[in-house]
Amino acid sequence: MTPRAADRARYDRATAHLDAPLAVVDLDAFDANADDLVRRAAGKPIRLASKSVRCRALLERVLSRDGFAGIMSFTLDESLWLARAGFDDVLLAYPSADRSGFAQLAGDPKLAAAVTVMVDDAAQLELIDRSRAGGKEEIRVCLELDTALHLLGGRVRIGARRSPLREPAQLAELARSIGRRPGFRLVGLMAYEGHVAGVGDAVAGSPLRSRAVRLMQSAARKELAARRAAVVRAVRAVTPDLKFVNGGGTGSVQHTAAEDAVTEIAAGSGLYVPRLFDNYTSFTGRPAALFAQPVVRRPGVGVVTVLGGGYPASGAAGADRLPVPYLPEGLHYDPQEGPGEVQTPLLGSAADDLLIGDKVWFRHAKAGELCERFDTLQLIEGDRVTGTAPTYRGEGRTFL
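All values reported here derive from a predicted model rather than from experimental measurement.

(A) Representation of the sheet that holds strand β3 (residues 68-73). One closed barrel holds the 8 strands; their spatial order is β2-β3-β4-β5-β6-β9-β10-β11, and the pairing between them is parallel. The sheet shows a mean angle of 30° between the axes of neighbouring strands, taken without regard to direction. Its contacts with the sheet put helix α7 (residues 122-131) on β5 (115-119), β6 (139-144) and β9 (184-191), and the angle it makes with β5 is roughly 135°.

Here it is as structure tokens:
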């Protein structure tokens with residue numbers, strides 16, 4: 001029996017009493033992945049990216065472990081909800097225009113002490129001030145650095161279009177502006193190198209592309225390390241008591257941790273290990289989050305149909321954004337249909353061994369987005385379900 005076949009047998013036994021569709025988290029794999037992230041961080045604390053988990057119980061499980069400290073959230077509403085739930089160090093990773101949320105933040109000392117918001121433009125500070133509604137609490141802010149790699153004099157850009165702040169002087173000037181503005185305190189700097197941390201460098205069947213990605217990432221790491229260090233020096237010259245410098249992502253943990261300028265690493269997807277992480281040479285994780293769909297039809301030899309399953313991930317549309325049939329091995333989509341909203345035909349010799357009601361196990365393309373499809377995660381240890389945990393959706397929270 002292959003390791004994957006053994007996993008299928010475990011998951012089928014554990015959930016035999018449950019009807020699909022359902023989602024599971026294999027806690028043994030989840031915890032092993034957490035240990036691997038800590039090992040790669042080499043002593044620097046890991047700030048847990050909540051959008052990659054989207055389950056409070058699992059956020060708490062991770063943060064109870066050595067090596068993890070703080071949350072990186074994705075909306076202001078989520079940040080306030082987590083702070084009210086007792087999470088006392090929440091960094092909002094993206095700028096917000098949530099005026100109601102800023103009014104709550106400015107009016108509550110507990111929230112203001114727990115939540116740090118992201119800015120990269122003085123206009124964002126002005127929006128916050130206009131939203132205070134009389135609240136006088138000091139707002140903690142973090143600056144974001146653009147990490148994209150520019151080539152050919154800036155004519156070629158590789159990396160996400162995020163912050164407009166790129167050069168040390170730009171960030172130092174905004175830091176000075178924050179220092180002169182009552183009601184704000186600059187506490188951190190963030191730089192997310194998504195073109196390194198979020199892009200696989202071992203694309204199956206594409207050796208030339210894989211080599212090109214590795215060359216690009218090597219150049220990007222060197223350029224960013226030098227520029228990030230210069231930015232940190234410039235910002236600390238203005239704000240000597242800067243509390244943290246955040247960088248990284250699951251795919252670049254060990255590289256970012258090696259930079260002296262970085263004080264903490266962001267990661268989260270590496271806990272679930274979705275299918276997009278199959279194309280990395282920098283680490284190998286264990287798939288921990290899966291979902292199961294039931295077989296509802298057998299249209300013919302070599303084909304079964306499962307209920308639903310059309311759960312594409314965000315990003316540029318393409319085959320790599322689709323879930324992948326994982327267990328049993330040997331199933332694939334009908335290229336004329338793909339995964340459907342209500343039904344999904346699956347082709348392959350393994351289909352002939354499946355009966356009506358059997359489960360087919362899938363891996364989502366990205367991490368936490370799976371939790372927007374299910375309200376409960378079945379927590380598996382060995383071959384038993386040992387608990388359940390509501391997702392954000394299961395707690396009635398849909399932040400985006």
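(B) View of the packing of aromatic side chains. Applying the stated criterion across every chain, the model contains 14 aromatic pairs. Measuring from centroid to centroid gives 5.5 Å for Tyr11 and Trp361, while their planes differ by 50°, and the two rings are tilted. Of this pair, Tyr11 sits in helix α1 (residues 3-14) while Trp361 sits in strand β17 (residues 359-363); the two residues are 350 residues apart in sequence, bridging distant segments of the chain. Like Tyr11, the residue Trp361 is buried in the burial classification.

(C) Just the pattern of salt bridges, in detail. Summed over the entire model, instances satisfying the criterion amount to 30 salt bridges. Ionic pairing is found between Glu372 and Arg54, a salt bridge with its closest N-O pair at 2.7 Å. Of this pair, Glu372 sits in the loop between β17 and β18 (376-381) while Arg54 sits in the loop between β2 (46-49) and α3 (56-63); the two residues are 318 residues apart in sequence, bridging distant segments of the chain. With relative accessibility at 10%, the residue Arg54 sits in the buried group.

(D) Quick peek at the packing of helix α5 (residues 99-106) against α7. Where α5 contacts α7, the axes come no closer than 8 Å and their chain directions differ by 70°. In terms of axis orientation, α5 runs roughly perpendicular to α7. Of the residues in α7, those in contact with Arg99, Phe102 and Ala103 of α5 are Leu127, Ile128 and Ser131. Among the residues making up the contact of α5 with α7, the classes are represented as 4 nonpolar, 1 polar and 1 charged.

(E) Structural view of the pairing of β6. Among the 6 residues that make up β6, 6 are buried, leaving the element largely enclosed by the rest of the structure. In β6, alternate side chains face the same way, and those of Ile139, Val141 and Leu143 on one face and Arg140, Cys142 and Glu144 on the other are all buried. As judged from the 4 bridges shared by β5 and β6, these two strands associate in the parallel manner. Counted as the bridge partner of Val117 is Val141 from β6. One crossover worth recording links β5 to the parallel β6 by way of α7, and it is right-handed.

(F) Seen up close, α7. Those residues of α7 that sit buried are Gln124, Leu125, Leu127, Ile128 and Ser131. Buried positions in α7, seen along its axis, are confined to an arc of 160° and lie on one side of it. Packing partners of the buried residues in α7 comprise α5, β5, β6, α8 (168-180) and β9. Where α7 begins, one side-chain oxygen reaches toward the backbone nitrogen of Ala123, 2.8 Å away; that side chain belongs to Asp121. Note on α7: the residue one or two positions beyond its end, Ala133, has a positive phi of about 50°.

Conventions used here
Residues numbered from 1 in each chain as written. Predicted model: local features only at pLDDT ≥ 70, side-chain atom pairs only at ≥ 80, totals over all residues. Heavy atoms only, no water. Pairing = 2+ DSSP bridges. Helix = DSSP H or I, 4+ residues; strand = E, 2+ residues; numbered from the N terminus. Axes fitted to C-alpha atoms, helices over the stretch in contact; angles between N-to-C directions. Contact = heavy atoms within 4.5 Å. Phe/Tyr/Trp six-rings, centres within 6.5 Å; stacked < 30°, edge-to-face > 60°. Buried < 20%, exposed > 50% of the residue type's maximum accessible area, 1.4 Å probe, protein only. Salt bridge = Lys/Arg side-chain N within 4 Å of Asp/Glu carboxyl O. Parallel < 35°, antiparallel > 145°, perpendicular 65-115°, else oblique. Nonpolar A, V, L, I, M, F, W, Y, C, P; charged D, E, K, R; others polar. Right-handed = clockwise from strand over helix to strand, strands pointing away. Arc of directions from axis to C-beta. Polar contact = N/O pair within 3.5 Å; in protein donor to acceptor, adjacent residues only side chain to side chain.

Note that every value here comes from positions in space, so none of it alone points to a role or purpose.
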